[in-house]
Amino acid sequence: MYTPPPFHERRPDLVLPVRSDPTGVRGPTRGEARGPRWRTTSRGLVVPATVERTAGQRVVEAAAVLGEDEAVTGWAALHWGGAAWFDGTRDGVVPLEVPVVARRHLVAQDGFAVSQEFLHPDEIIVVDGLPVTVAVRSVVYEMRYAASLGDAIVALDMACYSDKVSLAEVATYIRDLGPVTGIQQARDALAEGEENSWSPQESRMRGVWTRRAGLARPLCNAPVFTVDGRHVGTPDFLDPELGLSGLYNGSEHLTLVGASTDLKQEAAYRDLGLEPIVMLSTDWLDLDAFVERIHSAARRARSARGPRRWTADPPPWWTPTHTVARRRALDDAERARLLRYRRAA
């Protein structure tokens, strides 16, 4: 049985499951383990009942049953590796099972799912004591087994957001895969993947923009400047041909401060001759109505007259960060300064 080494220095809030101990030294006695002060994580392993089942804790509990050349994969491996947005839930509510890859016949238990697909040892790395699959394998697993094409695209986009993978790396990995479960969905998601989406809802809105509204694929988070080089803003989407910009305003934008900021930003774009279209979190309840608003905005953009007072071409002083390669090339100080806008968004 694989026993991960201690990881408490970096993750002090997580607790390693233990087996019962007749002496009560290395773990609770069998009688204590059956009591209300302990919670069973898997067959024969327990943690104190007070331990919260966070995403990280659930990863630790699933990894505790793994043996040699077995590993955590999918969203859980990406979360453990520090990727943002992989919080182990569906829409922030329903907990997802922790996917693990096992060579043995390991029975799935409450909280984790077992895959017995081939796993090459070179695809396993140890991060803070836990064996996880490398990022490209993890995200492709997530893409293949996603509930929908849209979810597969979100998984890919968000792995790129954290610079865990690039589209080129995923393309190479998928190219070399055989006819495995979900491979076509992974290929389809790759064709629509984006390295500069800043949130899952942006990725989902992009799907509405292209697949449902039928508009051309927009630039994602492309900065907009005045013709003399002043940065005006960075809309979530930009169609430079139409002069159409897209903004996603989630629930955090419903406050008075958030709404005021959004209105000022929309006005700034309109003053330059850009036509903005805003999607609210409530628009998911009636996508047909939102698609009609997109079409109306597109028609207004097409009929706009007069010279453009904006450009998407950055001035010489601007440092582009729209690709994984460019972001990986930044040092820590540059990342803190240049990518703070993504965190704020």
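Quick summary incoming for the structure in this document.

Conventions adopted
Residues numbered from 1 in each chain as written. Predicted model: local features only at pLDDT ≥ 70, side-chain atom pairs only at ≥ 80, totals over all residues. Heavy atoms only, no water. Buried < 20%, exposed > 50% of the residue type's maximum accessible area, 1.4 Å probe, protein only. Helix = DSSP H or I, 4+ residues; strand = E, 2+ residues; numbered from the N terminus. Axes fitted to C-alpha atoms, helices over the stretch in contact; angles between N-to-C directions. Parallel < 35°, antiparallel > 145°, perpendicular 65-115°, else oblique. Left-handed = near helix turned anticlockwise from the far one by under 90°. Contact = heavy atoms within 4.5 Å. Nonpolar A, V, L, I, M, F, W, Y, C, P; charged D, E, K, R; others polar. Arc of directions from axis to C-beta. Phe/Tyr/Trp six-rings, centres within 6.5 Å; stacked < 30°, edge-to-face > 60°. Lys NZ or Arg CZ within 6 Å of the ring centre and 35° of its normal. Pairing = 2+ DSSP bridges. Salt bridge = Lys/Arg side-chain N within 4 Å of Asp/Glu carboxyl O.

**Considerations on helix H2 (residues 55-63)**
Now for step 1: A large share of H2 lies buried, amounting to nine of its nine residues.
Now for step 2: Residues Ala-55, Gly-56, Gln-57, Arg-58, Val-59, Val-60, Glu-61, Ala-62 and Ala-63 constitute the buried set of H2.

**Describing the packing of helix H4 (residues 135-145) against helix H5 (residues 149-161)**
Now for step 1: Packing of H4 against H5 leaves a shortest axis separation of 8 Å and a crossing angle of 160°. Classed by the angle they form, the pair H4 and H5 counts as roughly antiparallel. Between H4 and H5 lies a crossing whose hand is right-handed. Judged by residue contacts, Val-139, Glu-142 and Met-143 of H4 engage Ala-152, Ala-155, Leu-156 and Ala-159 from H5.
Now for step 2: Of the residues contributing to the contact of H4 with H5, the split by class is six nonpolar, no polar and one charged.

**Concerning helix H6 (residues 167-175)**
Now for step 1: Taken as a whole, H6 has its buried residues at Val-170, Tyr-173 and Ile-174. Buried residues along H6 cover an arc of 95° about the axis, so they all sit on one side. Exposed and facing more than 90 degrees away from the buried side of H6 are Ala-168 and Arg-175.
Now for step 2: Where H6 is buried, its residues meet H4, H5 and helix H7 (183-191).

**Some points on the packing of aromatic side chains**
Now for step 1: What the rule picks out here adds up to seven aromatic pairs.
Now for step 2: Between Trp-317 and Trp-318, the aromatic rings sit 5.5 Å apart at their centres with planes inclined by 70°, giving edge-to-face as the arrangement.
Now for step 3: Residue Trp-318 is classed as partly exposed on the basis of its relative accessible area, which comes to 22%.
Now for step 4: Pairwise contacts between aromatic rings join Phe-225, Trp-317 and Trp-318 into one cluster.
Now for step 5: Here the basic side chain of Arg-11 rests over the ring of Trp-80, its NZ or CZ set 3.6 Å away from the ring centre.

**A word on unusual backbone geometry**
Now for step 1: Phi angles above zero are rare outside glycine, and Asp-69 is one such case at about 60°.
Now for step 2: With respect to the element layout, Asp-69 can be found in the loop between H2 and strand E3 (71-72).
Now for step 3: At Asp-163, a residue that is not glycine, the phi angle is positive and equals roughly 60°.
Now for step 4: For Asp-163, the position within the fold is in the loop between H5 and H6.
Now for step 5: Classification of Asp-163 as buried rests on a relative accessible area of 10%.

**A closer look at the sheet that holds strand E16 (residues 310-311)**
Now for step 1: Taken together, three strands build an open sheet; the order of strands is E12-E11-E16 and the sheet is antiparallel. Each edge of the open sheet carries a strand with a single partner, namely strand E12 (231-233) and E16.
Now for step 2: Sheet topology note: the strand E11 (residues 224-226)/E12 ladder contains two bridges and is antiparallel. Directly across from Phe-225, in E12, lies its bridge partner His-231.

**A word on the pattern of salt bridges**
Now for step 1: Applying the stated criterion across every chain, the model contains 20 salt bridges.
Now for step 2: The shortest N-O distance in the salt bridge between Arg-137 and Glu-123 comes to 3.0 Å. Here Glu-123 lies in the loop between strand E7 (112-115) and strand E8 (124-127) and Arg-137 lies in helix H4, a separation of 14 residues in the sequence. Each member of the pair, Arg-137 together with Glu-123, is buried.
Now for step 3: The shortest N-O distance in the salt bridge between Arg-175 and Asp-176 comes to 3.3 Å. The exposure classification of Arg-175 matches that of Asp-176, with both residues exposed.
Now for step 4: Beyond isolated ion pairs, a larger network of salt bridges with shared partners links Arg-10, Arg-11 and Asp-128.

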